[in-house]
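This is what each chain is made of:
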Amino acid sequence: MNDREIEILFAECRWGSVTEQVCPQCGSVRKHYRREHRKQWRCADCGHEFSVTSGTPWHKRKLSLREILMLLMDFERSAKGLAAMEGSRNGFTPKTVATFAGKLREALLKTFDFSKLSGVVHMDGGHFCGKPRKPNRRRVASAAEIAVRFGSKKPPEGVKPWKSAGMTRANWERRKNRRVVMILNSSAGRGSGSERSIPVVCSSENQDDAITLARQFIDSNAIVMTDESTAFSLLAAEFDHHAVAHAKEFCTEDGVSDNMSETFFSRMRRAEYGTFHGFRPKYLQDYAFEMGWRESNRRKSQRERVADLLRRCLTVGLSDWWRGYWQGHNRSGELGMVYVTRTLAPPSPC
């Protein structure tokens, strides 16, 4: 593709037309005056000058459209995420790739499809972040240490909790960063895997969060399948709920399983260990939505996935969390269940 063809692709994804443009200043939809030497348009109504990336995460960009498309293709074709060092092999700095990928994840998060899942829905929770580092010498923890480590028993009075749990203080502190990603997958049909995924970061796998997410994101007529965790015990009161005991089997004779959730966790864990070498709670929700997008669009062609990313990025507006990142401006805290359920996907009034 030459430079003109790339600009046409961007224009089609943003405005749905090659001949007409939308002025970001006044909203006028028509054929505006073209300024070919600057690759811009001048609004025929208000005189505002704009380009195909004005008012988008790439506003006042330094990258060319060709370089943006190259990074988009690198991001799209990575099954388990794009590492900053891997993306920098095409002549970019790792910081440029990391900021670019952060803007893509923000666009995916803000344009995510939160409509209710129907049909057969698999639901499960997986633990991420806060992984302890292995000691130099291997040792087997006693039953008392395991009880203290997982909070079922209090340490003796006057004894440090990490010593009672047979851990170092550093590993004990890392446990505070542990988060649970609750994933909801709708089935695309027998043998086709999941059709759509909605991942939400929670502090723990508990009944309150599970029933709240189910009420907001699962249709009341859906068939919900989970594992035997007590966090999903309240679902039977409102949904057609079935559970599989993973201590005995992966799938029951009747076909009850949560394999679609396990597939998502497999992709995300490989990203955590193999691609990014660890997640942090601050951006865990961003990575979860990225993996949800990859899981939902894995069967589409490369052109369809690139066009989908372009449409999301060119219509989401300016970046709130990555604009001015190089100058020290970034998001103050992590995103969790409250932000997703109340801000991104507010519940519909009853």
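Residues numbered from 1 in each chain as written. Predicted model: local features only at pLDDT ≥ 70, side-chain atom pairs only at ≥ 80, totals over all residues. Heavy atoms only, no water.

Asks: In this structure, what is going on with the layout of surface pockets? I would like to understand it.
Replies: Empty space among the atoms can be located by rolling a probe the size of a water molecule over them. As a volume, the largest pocket reaches approximately 730 Å³. In terms of lining, the largest pocket is formed by 18 residues, of which the most central are P132, R133, R149, M167 and N171. Its residues placed into classes, the lining of the largest pocket shows five nonpolar, three polar and 10 charged. By volume, the second largest pocket is sized at about 580 Å³. In terms of lining, the second largest pocket is formed by 21 residues, of which the most central are H59, K60, R61, K62 and K103. Broken down by element, the lining of the second largest pocket gets its largest block of residues, four residues, from helix α4 (residues 94–110). Classifying every residue of the lining of the second largest pocket gives nine nonpolar, seven polar and five charged. (1 Å grid on protein atoms, 1.4 Å probe; cavity = no way out; pocket = protein on both sides within 12 Å on 5 of 7 lines; lining within 4 Å. Points joined across faces, edges and corners; volume = space filled by probe spheres on them. Nonpolar A, V, L, I, M, F, W, Y, C, P; charged D, E, K, R; others polar. Helix = DSSP H or I, 4+ residues; strand = E, 2+ residues; numbered from the N terminus.)

Asks: For this particular structure, what's the right way to read the packing of helix α1 (residues 3–15) against helix α2 (residues 65–77)?
Replies: A packed helix pair is summarised by two numbers, namely the angle formed by the two axes and the spacing between the axes. Packing of α1 against α2 brings their axes to within 9 Å, and their N-to-C directions diverge by 65°. Seen along the crossing, α1 lies across α2 with a hand that is left-handed. Taking contact as the criterion, the partners of D3, I6, E7, L9 and F10 in α1 are, on α2, L65, R66, I68 and L69. Among the residues forming the contact of α1 with α2, the class breakdown is six nonpolar, no polar and three charged. (Axes fitted to C-alpha atoms, helices over the stretch in contact; angles between N-to-C directions. Left-handed = near helix turned anticlockwise from the far one by under 90°. Contact = heavy atoms within 4.5 Å.)

Asks: When you look at the packing of α4 against helix α10 (residues 284–296) in this model, what are you seeing that I'm missing?
Replies: Two numbers describe how α4 lies on α10: the axes approach to 9 Å, and their chain directions differ by 75°. When the axis of α4 is compared with that of α10, the two are roughly perpendicular. Residues R105, L108 and L109 of α4 lie in contact with α10, whose contacting residues are Q285, D286, Y287, F289, E290 and W293. Split by residue class, the contact of α4 with α10 holds five nonpolar, one polar and three charged. (Parallel < 35°, antiparallel > 145°, perpendicular 65-115°, else oblique.)

Asks: What is the right way to read the side chain of R14 from this model?
Replies: Looking at the element boundaries, R14 is found in helix α1. With no salt bridge to any partner, buried R14 finds its closest opposite charge in E7, at an N-O distance of 10.0 Å. Contacts of R14, omitting those with residues within four sequence positions, involve P24, S51, V52, T53, S54, T56, L314 and T315. (Buried < 20%, exposed > 50% of the residue type's maximum accessible area, 1.4 Å probe, protein only. Lys, Arg positive; Asp, Glu negative; His and termini not counted. Salt bridge = Lys/Arg side-chain N within 4 Å of Asp/Glu carboxyl O.)

Asks: I tried to follow the nonpolar core on my own but got confused; where do I start?
Replies: Residues F114, M123, V181, I218, M268 and F279 are the most contacted members of the largest nonpolar core, which totals 47 residues. Secondary-structure elements contributing two or more residues to this core are β6 (120–128), β7 (179–187), β8 (194–202), α8 (207–217), α9 (259–275), α10 and α12 (337–344). The next biggest cluster of nonpolar side chains, apart from the first, holds 34 residues, and it includes F10, C13, L72 and L310. (Core = buried A, V, L, I, M, F, W, Y, C linked by side-chain atoms within 4.5 Å.)

Asks: What's the story with the packing of aromatic side chains in this structure? I'm lost.
Replies: Each pair of aromatic rings is reported with the distance of its centres and the angle of its planes. Here the structure, examined in full by the defined rule, presents 17 aromatic pairs. With centroids separated by 4.8 Å and ring planes inclined at 55°, the aromatic side chains of F276 and Y287 adopt a geometry described as tilted. Placement of the pair is F276 in the loop between α9 and α10 and Y287 in helix α10, with a sequence separation of 11 residues. Overall, F276 belongs to the buried group, its relative accessible area being 18%. By relative accessible area, Y287 is classed as buried at 16%. An aromatic cluster is present here, built from F112, F114, F217 and F289 joined pairwise through their rings. K110 extends its terminal NZ or CZ atom over the ring of W321, reaching a point 4.9 Å from the ring centre. (Phe/Tyr/Trp six-rings, centres within 6.5 Å; stacked < 30°, edge-to-face > 60°. Lys NZ or Arg CZ within 6 Å of the ring centre and 35° of its normal.)

Asks: Please explain α1 as it appears in this structure.
Replies: In an α-helix there are 3.6 residues to a turn, and that puts residues three or four apart on one side. Taking 1.5 Å per residue as the helical rise, α1 with its 13 residues ought to reach 18 Å, and the 18 Å between its terminal C-alpha atoms agrees with that figure. I6, E7, L9, F10, A11, C13, R14 and W15 are the residues of α1 that are buried. On its buried side, α1 packs onto β1 (21–22), β3 (33–35), β4 (40–42), β5 (49–50), α2 and α11 (302–315). Two or three places before R4, at the opening of α1, N2 has a side-chain oxygen 3.2 Å from that residue's backbone nitrogen. Once α1 ends, the next one or two residues include G16, with phi positive near 70°. (Expected span 1.5 Å × (residues − 1). Polar contact = N/O pair within 3.5 Å; in protein donor to acceptor, adjacent residues only side chain to side chain.)

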